[in-house]
Amino acid sequence: MNQNVPSRRATCAACLRAQSACICGWVRPLASIAELLILQHPLEVANAKNSARLLHLSVTGSVLAVGEAFDATELAALLHAGGRTPVLLYPDTLDAPAPAPAPVPPPERLRLVVLDATWRKSRKMLYLNPALQTLPRMALRDMPASGYRIRKAHAPDQLSTLEASAHALGQIEGDRVRYAPLFTAFADFVDQQAGFVPVCTPGASCA
């Protein structure tokens, strides 16, 4: 009997994907004035269609932390590092009402907090982390249709984490052009991932 154990596929140290599916070629480094904190649900880490890693690698100085229920002290340190004011990118919904409106600081004093999760998991993250519930909110409105064709959405305006964050940063800073390279990178990423999806023909098995 062959005792050799198959070796794991070579992995890119930067994007943490198999080298055959590396996304580093799509990274477009840019500096934001507002800082970006991405709180990623553990189930999204290994999802090949997830856009948060590309976003994190592209936005200089951004922080990506993985968890569902964060340690309160560690979360507070992430939210308020450097004395910035955290603002949560999340809509005001009946099951997750926003706190009373608060003055929004200028971009250079602001930290945009983004939950990278499915809608259901993001609500759970909000529920499990009381510190997030108290943050002032920012919601995106009248957004263009998403280019996230590789992942199922319940509405055309439901955006990927990268798209939502890029729109929000552009809105906060009053400079949407600055973040145009992110949308180009995202389109290339989506094309790459779409190439890995088998094309189904009538009568064929697409398991």
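See the structure shown above.
Every value quoted in this text rests on a predicted model; they were computed, and no experiment measured them.

Chemist: Would you explain the overall build of the protein in this entry?
Modeler: Along the protein, the regular secondary structure elements total six helices and seven strands. The N-to-C order of helical and strand elements in the protein reads β-β-α-β-β-α-β-β-α-α-β-α-α. If you take every contact in the protein between residues at least 6 apart in sequence, the share linking residues at least 24 apart comes to 75%. A total of about 11,600 Å² of accessible surface is found on the protein, and carbon and sulfur atoms cover 57% of it.

Chemist: What am I meant to see in the nonpolar core here?
Modeler: A general tendency of soluble globular proteins is for nonpolar side chains to be buried together. One finds Leu-36, Leu-54, Leu-55, Leu-89, Leu-112, Met-138 and Leu-182 to be the most contacted residues of the largest nonpolar core, which totals 31 residues. Of all the secondary-structure elements, those providing two or more residues to this core are strand E2 (35-40), helix H1 (52-58), strand E5 (85-89), strand E6 (110-116), helix H5 (161-173) and helix H6 (180-194). If you tally residues by element for this core, the top one is H5, at six residues. Contact partners of Leu-55, with chain neighbours within four places excluded, come to Leu-36, Ile-38, Ser-62, Thr-161, Leu-162, Ser-165 and Leu-182. Judged by nonpolar contacts, the second largest core, of 15 residues, contains Tyr-90, Val-113, Leu-115 and Met-125.

Chemist: Which parts of the structure should I look at to understand H6?
Modeler: The end-to-end C-alpha separation of H6 is 21 Å, in line with the 21 Å expected for 15 residues at 1.5 Å each. Among all positions in H6, only Leu-182, Ala-185, Phe-186, Phe-189, Val-190, Gln-192 and Gln-193 are buried. Viewed along the axis of H6, the buried residues span an arc of 160 degrees, placing them on a single side of the element. Among the structural elements, strand E1 (30-31), H1, strand E3 (59-60) and H5 are those in contact with the buried residues of H6.

Chemist: Would you mind going over the packing of H5 against H6 with me for this structure?
Modeler: How two helices pack is summed up by the angle between their axes together with the distance between the axes. It is at 9 Å that the axes of H5 and H6 come closest, and there the two elements cross at 170 degrees. One way to sum up the angle between H5 and H6 is to call them roughly antiparallel. Of the residues in H6, those in contact with Leu-162, Glu-163, Ala-166 and His-167 of H5 are Leu-182, Phe-183 and Phe-186. Its residues placed into classes, the contact of H5 with H6 shows five nonpolar, one polar and one charged.

Chemist: Looking at this model, I keep getting lost on the pattern of salt bridges. Mind explaining?
Modeler: Side chains that carry opposite charge are capable of pairing whenever their charged atoms lie near each other. Counted by the stated rule, this structure contains six salt bridges. For Arg-111, the salt bridge is made with Glu-35, and the minimal N-O distance between the two is 2.7 Å. With Arg-111 in strand E6 and Glu-35 in strand E2, this residue pair connects regions lying 76 residues apart in the sequence. Judged by its relative accessible area of 5%, Arg-111 is buried.

Chemist: Help me out: how do you make sense of the side chain of Lys-121 in this one?
Modeler: Summarising the element assignment, Lys-121 is placed in helix H3 (residues 119-128). Lacking a salt bridge, the buried Lys-121 has Glu-68 as its closest oppositely charged neighbour, with an N-O distance of 4.4 Å. Residues within four places of Lys-121 in sequence aside, it is in contact with His-41, Leu-43 and Glu-68.

Conventions used here
Residues numbered from 1 in each chain as written. Predicted model: local features only at pLDDT ≥ 70, side-chain atom pairs only at ≥ 80, totals over all residues. Heavy atoms only, no water. Helix = DSSP H or I, 4+ residues; strand = E, 2+ residues; numbered from the N terminus. Contact = heavy atoms within 4.5 Å. Areas by Shrake-Rupley, 256 points an atom, 1.4 Å probe, with all protein chains shown as cover. Core = buried A, V, L, I, M, F, W, Y, C linked by side-chain atoms within 4.5 Å. Buried < 20%, exposed > 50% of the residue type's maximum accessible area, 1.4 Å probe, protein only. Expected span 1.5 Å × (residues − 1). Arc of directions from axis to C-beta. Axes fitted to C-alpha atoms, helices over the stretch in contact; angles between N-to-C directions. Parallel < 35°, antiparallel > 145°, perpendicular 65-115°, else oblique. Nonpolar A, V, L, I, M, F, W, Y, C, P; charged D, E, K, R; others polar. Salt bridge = Lys/Arg side-chain N within 4 Å of Asp/Glu carboxyl O. Lys, Arg positive; Asp, Glu negative; His and termini not counted.

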